[in-house]
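Here is how the chains run, residue by residue.
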There are 2 protein chains.
Amino acid sequence: MRGLMMDVPLTVRMLLDRAEALFGDREIVSRRPNRSVHRTDLGTVVGRSRRLAAALQGLGIERGDRVATLAWNHHQHLEAYLGVPSMGAVLHTLNLRLHPDDLLYIINHAGDRVLLVDEVLLPLLASIPDLESKTKVEHIVVMSQAETSIDDARPRADGYLDYEQMLAAAPADFEAPAIDELDAATMCYTSGTTGRPKGVVYSHRSTLLHALAVSLPDSLAIGEHTVCLPVVPMFHVNAWGLPYACTMAGAKQVFPGPHMDAASICELLASERVTLTGGVPTIWMGILEHLDGGEPGYDLSAIEMMAVGGAAVPEAVIAAFEQRHGLRVVHAWGMTETSPLGTVSNLGPRHAELSADEVMSLRSRQGRMVPLVEVRARSDDGAVPWDASTMGELEVRGPCVAGAYYDDDSQADRFTEDGWFRTGDIVTIDPEGYIRIEDRSKDVIKSGGEWISSIALENAIMAHPSVEEAAVIPVAHPRWQERPLAVIVPASAEPAIEIDELREFLAPHFASWWLPDAVEAVEEIPRTSTGKFLKSALRERFRDYELTDS
Amino acid sequence: MRGLMMDVPLTVRMLLDRAEALFGDREIVSRRPNRSVHRTDLGTVVGRSRRLAAALQGLGIERGDRVATLAWNHHQHLEAYLGVPSMGAVLHTLNLRLHPDDLLYIINHAGDRVLLVDEVLLPLLASIPDLESKTKVEHIVVMSQAETSIDDARPRADGYLDYEQMLAAAPADFEAPAIDELDAATMCYTSGTTGRPKGVVYSHRSTLLHALAVSLPDSLAIGEHTVCLPVVPMFHVNAWGLPYACTMAGAKQVFPGPHMDAASICELLASERVTLTGGVPTIWMGILEHLDGGEPGYDLSAIEMMAVGGAAVPEAVIAAFEQRHGLRVVHAWGMTETSPLGTVSNLGPRHAELSADEVMSLRSRQGRMVPLVEVRARSDDGAVPWDASTMGELEVRGPCVAGAYYDDDSQADRFTEDGWFRTGDIVTIDPEGYIRIEDRSKDVIKSGGEWISSIALENAIMAHPSVEEAAVIPVAHPRWQERPLAVIVPASAEPAIEIDELREFLAPHFASWWLPDAVEAVEEIPRTSTGKFLKSALRERFRDYELTDS
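Throughout what follows, the structure given in this document is the object of discussion. This one's a predicted model, so the numbers in the text were calculated from it and none came from an experiment.

As a further point, take the packing of aromatic side chains. Considering all chains together, one arrives at 13 aromatic pairs over all chains under this definition. Ring centres of B:Phe415 and B:Phe421 lie 5.5 Å apart, and the angle between their planes is 50 degrees; this geometry places the pair in the tilted category. With centroids separated by 5.9 Å and ring planes inclined at 75 degrees, the aromatic side chains of B:Phe542 and B:Tyr545 adopt a geometry described as edge-to-face. Members of the aromatic cluster, connected to one another through ring pairs, are A:Tyr405, A:Phe415 and A:Phe421.

Next up on the list: the environment of A:Asp158. Residues and elements named next belong to chain A. Position of Asp-158 among the secondary structure elements: in the loop between strand 6 (139-143) and strand 7 (161-162). Only 2.9 Å separates the side chain of Asp-158 from the side chain of Arg-156, close enough to count as a polar contact. In this structure the side chain of Asp-158 is engaged in a polar contact, spanning 2.9 Å, whose partner is the backbone nitrogen of Tyr-160.

So, on to the relation of the copies chain B and chain A. Rotating chain B by 180 degrees about the axis while translating it 0.0 Å along that axis superimposes it on chain A, leaving an RMSD of 0.0 Å. Here the two chains are linked by the operation of a two-fold rotation axis. Measuring from the rotation axis to each C-alpha of chain B, the shortest distance belongs to B:Leu216, at 2.5 Å. Both copies contact each other with a shared surface, as 100% of the interface residues of chain B are interface residues in chain A too.

So, on to the environment of A:Leu300. Residue and element names in this part refer to chain A. Examined against the element boundaries, Leu-300 turns out to sit in the loop between helix 12 (281-292) and strand 13 (305-308). According to the relative accessible area criterion, Leu-300 is buried, its value standing at 12%. Put simply, Leu-300 and Ile-107 are 193 residues apart on the chain and 40 Å apart in space, counted from C-alpha to C-alpha. If sequence neighbours within four positions are ignored, Leu-300 has contacts with Cys-266, Leu-269, Ala-270, Leu-291 and Leu-327.

Membership of the largest hydrophobic core comes to 187 residues, with the highest contact counts inside it found for A:Leu52, A:Ile222, B:Leu52 and B:Ile222. When neighbours within four sequence positions are excluded, B:Leu52 is seen to be in contact with B:Glu79, B:Ala80, B:Val84, B:Leu116, B:Tyr163, B:Met166 and B:Leu167.

Between chain B and chain A, the residue contacts involve 75 residues of the former and 75 residues of the latter. Carbon and sulfur atoms supply 64% of the area buried between chain B and chain A, which totals about 5,500 Å² over both sides. Where chain B packs against chain A, one counts twelve salt bridges. Salt-bridge contacts for A:Asp183 lead to B:Arg2; the nearest nitrogen and oxygen are separated by 3.0 Å. Where chain B touches chain A, the interface holds 26 residue pairs in polar contact (both at pLDDT 80 or more). Listed by contribution, the elements that provide at least two residues to the side of chain B that touches chain A are helix 1 (12-22), strand 8 (184-190), strand 9 (198-203), helix 8 (204-215), helix 10 (242-249), strand 16 (368-369) and strand 19 (392-397) of chain B. In terms of residue count, helix 8 of chain B provides more of the side of chain B that touches chain A than any other element does, six residues in total. Of the residues assigned to the side of chain B that touches chain A, the class counts are 45 nonpolar, 13 polar and 17 charged.

Here the focus is the state of the cysteines. Residue and element names in this part refer to chain A. Within this structure, the stated rule accounts for zero disulfides over all chains. No disulfide involves Cys-188; its sulfur sits 15 Å from the nearest other cysteine sulfur, which is in Cys-400. For Cys-188, a relative accessible area of 1% puts it in the buried group.

Bringing helix 14 (residues 356-363) of chain A into the picture now. Residue and element names in this part refer to chain A. All buried positions along helix 14 are accounted for by Val-359, Met-360, Leu-362 and Arg-363. Looking straight down helix 14, one finds its buried side chains confined to an arc of 160 degrees; they lie on one side. Looking at the packing, one finds that the buried side of helix 14 touches helix 13 (315-325) and strand 14 (329-334).

On to the sheet that holds strand 20 (residues 421-429) of chain A, then. The pairing of strands in a sheet comes from backbone hydrogen bonds and takes either a parallel or an antiparallel form. Residues and elements named next belong to chain A. Pairing is antiparallel in the open sheet, where five strands are placed in the order 18-17-19-20-21. Strands with a single pairing partner mark the edges of an open sheet, and in this sheet they are strand 18 (382-383) and strand 21 (435-440). Looking at chain direction, strand 17 (residues 374-379) and strand 18 are connected through two bridges and run antiparallel. Across the sheet, the residue bridging to Arg-378 is Ala-383, located in strand 18.

A separate point is the pattern of salt bridges. Counted by the stated rule, this structure contains 92 salt bridges over all chains. A salt bridge links B:Arg2 to A:Asp180; its shortest N-O distance comes to 3.6 Å. Taken as a pair, B:Arg2 in the segment before helix 1 and A:Asp180 in the loop between helix 7 (163-169) and strand 8 (184-190) lie in two separate chains rather than in one. Between B:Asp517 and B:Arg483 there is a salt bridge, with the nearest N and O atoms lying 2.9 Å from each other. With B:Asp517 in the loop between helix 16 (499-506) and strand 26 (518-521) and B:Arg483 in strand 25 (residues 481-490), this residue pair connects regions lying 34 residues apart in the sequence. The pair B:Asp517 / B:Arg483 is uniform in exposure class, with both members buried. The network of salt bridges with shared partners includes A:Asp25, A:Arg26, A:Glu224, B:Arg350, B:Arg368 and B:Glu432.

Turning to the pairing of strand 9 of chain B, a few remarks are in order. All names here are of chain B. Among the six residues in strand 9, six count as buried, and that is most of the element. Neither face of strand 9 is open: one carries Lys-198, Val-200 and Tyr-202, the other Gly-199, Val-201 and Ser-203, and all of them are buried. Summarising the sheet, strand 8 and strand 9 pair through six bridges and their orientation is antiparallel. What sits directly across from Ala-184, in strand 9, is Ser-203.

What counts, and where the lines are drawn
- Residues numbered from 1 in each chain as written.
- Chains lettered and ligands numbered in written order.
- Predicted model: local features only at pLDDT ≥ 70, side-chain atom pairs only at ≥ 80, totals over all residues.
- Heavy atoms only, no water.
- Phe/Tyr/Trp six-rings, centres within 6.5 Å; stacked < 30°, edge-to-face > 60°.
- Helix = DSSP H or I, 4+ residues; strand = E, 2+ residues; numbered from the N terminus.
- Polar contact = N/O pair within 3.5 Å; in protein donor to acceptor, adjacent residues only side chain to side chain.
- Least-squares fit on C-alpha atoms with pLDDT ≥ 70 in both.
- Contact = heavy atoms within 4.5 Å.
- Buried < 20%, exposed > 50% of the residue type's maximum accessible area, 1.4 Å probe, protein only.
- Core = buried A, V, L, I, M, F, W, Y, C linked by side-chain atoms within 4.5 Å.
- Buried area = accessible area lost by both parts, 1.4 Å probe.
- Salt bridge = Lys/Arg side-chain N within 4 Å of Asp/Glu carboxyl O.
- Nonpolar A, V, L, I, M, F, W, Y, C, P; charged D, E, K, R; others polar.
- Disulfide = S-S within 2.5 Å.
- Arc of directions from axis to C-beta.
- Pairing = 2+ DSSP bridges.

Listed below in structure tokens is the structure:
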């Protein structure tokens, strides 16, 4: 027996129509490249997204074609978020921090036909080798966010199209195609630490479901009262889906443009009375330092939640924000492959009885699965218990989780036979379902059949005053298969720490068999384009490192 | 180009699995028939719902079969909500306020194979004529909510199955079938004022989407902190979907059992620290009277929202709750055909600048469409403008809106050619999208091509001290086609009001052509099973009423 509800697909166009009907007057604020602040409203943005869609149709773009963006967070990028999927094309956001060779690979692999690029990123575009000869890109459209009037417009000297001129010349609306909710809406490539970037293709359905799930009271609580500043880039997993959720709810949206330094962000947080912001730990650590520096006394009292994801933020940073600045940092976990929101570390009413230390320990976990996401963790022995101590690889499942990569058969081992995605994250899960990322599966140290978290050791080592940075990697061991090697960057003017002192320093916090067997000093830890430790390079460097049986 | 997300259907079983993994310790509180309070937890409820599903499989119930309930709000009913759809059967909730003949019709029409019935409702069951000979019901299972131990259990003398004995004998889990999200999950018949009841069949998909939409911050804001007491019966549009949303969020759920009087409800609201409750205006008006009566000083300070739907509640009642008791009544609108949540009258941040009167006027509207619902209003001239004054019939569209009735071809005129559902409600929509129900389409008075709201007149007439109740109906008029006739029940010991006095009383509030042409006194206004005015009976009684051209 079938249900007898209407067959109405979940599509991005729903958000356009809803925003236009209910929330036309909501403010959309962007910082321009020249640092001035641009203000418009959601009704105007939706109207312009319709013109963008019509202009793309005029360029011959059809349902399923890919339209790429190489852009910071601003209102024109939001217009592309709404307009491109609504006319049936696929929005492909390019990560501007990637190497030009990788950008060329991605643009080619995705088959992008149009490229919307920020004027300030034209030098980056120019650095992409043989863009016009080696890809299918037919049109390059430049978004300048300039303060000049459209009336003064002239054709660009470089022959590229101008975004504002294109919109001014376009019909006010596009021809709306029938869209199936399983059609592609957007795509994003993961910047993995190994191998070629892999494309994740979000459907209209997953985009809408994610917008609902991320907005729930126990997720990021997005409503009409929300003022959201996504520090997370719009080229990174659709800025966590915040632009879609905020458009659905009629929230005010604030975009930092290319100015991602702590002072510029803090200014906007204060002046626009931001209630919700989200980004990676690096950003928050920079902002903490800025605030600790006693800068001009920003009024950040409107902030209800600073969501952090992409990597673990140390408990001390969460505590510092709370105790020194009254700001609530909330951990979340997700991946490009999970749309991204997988878990959020909000606390429930029953946690009111916990001590401050217990609360902080729970909040430093990455949280519990949001609705529509299922999690489990497995080790070589099968599913691990939710006991807060047994480590296993996190696997996830749900309608907003990738089931395959775009045009890539090499990744079949990322999916289990029973249909779960293997995240590559090594976690523990506590009895209430709060997960903690303990390591990446390729970084975890497998010592005599037991697992040692490299991340836990790194965080502890970096608390030593003579250590600036530390990475812990596995090296081969004749008896234990692998043992931890600590690779450190000494703090300036400090001598490198000796292994005995390091082990003594760590001993109170870890089982003895967790302690590193050796330490090596280096000048710097290699990093990925997104600022994460590139441990594969370290492992390669220390591949033949010899440990004696201790 | 297709999205590459996992093909994971939205199903009620997701809620079981989620609740079990994360929220097993959440309290589920029910008032028993003997007035004592039963306490269990969500983990136990989910475990028992699995046993129920297994027991039903043991009775031969298969995917798509209908399992009916005739029950008040309590934990066993919640178990049926979760267990029946999870094993692929369809939960059919019977409205215990219907006439036994209608119940027989519905049980027959739906083809129910099993009937779960409250012990206290066995007399009602016995009143249904020829239940066992004239329907497909094979098993009757009695839910007693008794305090006796299962160890003392004996077979029932009446030959019916005992719910607790059935669960105790069942396997701990059921064989989970593959469920398509478009499969039927639950069904509910509308108790219309005319014609036979019509069956609405909710899919797993619509149930999950509705649970997400109803939980959003600007809908009913359901999270882990929520303590929800649905006064709205679980046989009425799945208690507005609250049990599903609360199970998804891990909220505490409080059920009043058969004790729906104001004192019993207020006791539970206070003792369980309820934050969210919802019901029809009749309930709140009774509770307002009870609170105004200076009853024992309930502490209702935990309440964040009293949602009201099903009919319009007068602005004065909203104001009275707020000013005299500090309680926030929030208007919502929906129908059995809309799952039900269609609109909610929450205010946005920009309404902070309105005067108290303007705020109250806005809050007395039924609110704005929630995500996934589209609304429009049409009159004979086509779509009406959103100007807060032009009346049109409300039409809605969305994945949680009925596209057809179960096994009923007679209702094709309820759906437009372009795929919208005609609600039969006459509304105005203000420029911000807030709708106001002005009338039912069959009750609106069409005078000389213009529409007059019978409800607006009734509310105004009932404010007259000599009037107890009033209904306004159209009667034929030689020149204006229809004109309003006021049918009143005089307040006790008062003479019936004369037409001239009535018109003078109403004149300051309405255009002169809105004023009734005549008034007739009656002893009582006939009502439907759900307590609404049965105006069709009045129209029949005054069918040949003669007005002279005035």
